[in-house]
Amino acid sequence: MLALIITGVVSFISSDLDDIVVLTLLFTQEEKYKKYQIVLGQILGIGSLVVFSLLIDYGLSFLTTGLLKWLGVLPICLGIKYWFDYYFRSKTDNSHLPKSIKYNRFAVIKILSICLLTISNGADNIGIYVPLFSQYNQAETVLTIVVYAMMTLLWCFTGYKLANLPVLKEKIEEYRKWVIPLVFIVLGIYILIKNNAF
């Protein structure tokens, strides 16, 4: 059992290192996302990747591979939206709205957008999960999924802590108008190339 847990931890880390960067950036966006939205979105995203991997393991890869190939467009769209928000905020200012409306009106959409962002960056995950699940029995698969769930929470905690490091937070605040949009756009292009979308 210990070997199975270690394999689960190592496979998660090896396929999700880049998610730390994304989570750190998301946790710095306090005016856009609440912490629970980021955590739920990440859990749903990793959960979806696990489901996709199980479907592929059962021979249903045609249901997922075509969809995943083009999900790199999502980070690009988010990057453009961030850029638009930063440079044209005065024209789309919602400060006159009560905070409860401003932050909660689109909570489900925000959770789903983070979920899709996680999925779009999940080709590595699927590439690692499928071979593992194909050699596991039901109990081993369930234990591995539990390990992935715990690691997802740890990843969220790590991203939150990194986002709140004074030096890092100060630098991101200083250069956020171009760093955050650029990171998401580059990530989207990288995902599209990695998934052979072109």
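Residues numbered from 1 in each chain as written. Predicted model: local features only at pLDDT ≥ 70, side-chain atom pairs only at ≥ 80, totals over all residues. Heavy atoms only, no water.

A. The packing of helix α1 (residues 2–27) against helix α2 (residues 35–57), seen in detail. For the pair α1 and α2, the least separation of the axes is 12 Å and the interaxial angle reads 155°. By the angle between their directions, the pair α1 and α2 is classed as roughly antiparallel. Between α1 and α2 the crossing geometry is right-handed. Every residue of α2 that contacts α1 at Phe-12, Asp-16, Asp-19, Leu-23, Leu-26 and Phe-27 is listed here: Lys-35, Ile-38, Val-39, Gln-42 and Ile-46. (Axes fitted to C-alpha atoms, helices over the stretch in contact; angles between N-to-C directions. Helix = DSSP H or I, 4+ residues; strand = E, 2+ residues; numbered from the N terminus. Parallel < 35°, antiparallel > 145°, perpendicular 65-115°, else oblique. Left-handed = near helix turned anticlockwise from the far one by under 90°. Contact = heavy atoms within 4.5 Å.)

B. Inspection of α2 at higher detail. Along its 23 residues, α2 runs 33 Å from first to last C-alpha, staying within 8% of the 33 Å computed at 1.5 Å per residue. Those residues of α2 that fall on the buried side of the exposure criterion are Gln-37, Ile-38, Gly-41, Gln-42, Gly-45, Ile-46, Leu-49, Val-50, Phe-52, Ser-53 and Ile-56. Taken from the residues just after α2, Gly-59 is the one with a positive phi, measuring 85°. (Expected span 1.5 Å × (residues − 1). Buried < 20%, exposed > 50% of the residue type's maximum accessible area, 1.4 Å probe, protein only.)

C. Representation of the nonpolar core in the model. Of all hydrophobic cores here, the largest spans 40 residues; its most connected members are Leu-26, Tyr-82, Tyr-129 and Phe-184. For this core, the secondary structure elements donating two or more residues are α1, α2, α4 (73–87), α6 (107–120), α7 (123–134), α8 (138–163) and α9 (166–194). When residues in this core are grouped by element, the largest group, 8 residues, is from α1. In contact with Tyr-129, other than residues within four places in its own chain, are Phe-12, Ser-15, Asp-16, Ile-46, Leu-49, Val-50, Ser-53 and Tyr-148. (Core = buried A, V, L, I, M, F, W, Y, C linked by side-chain atoms within 4.5 Å.)

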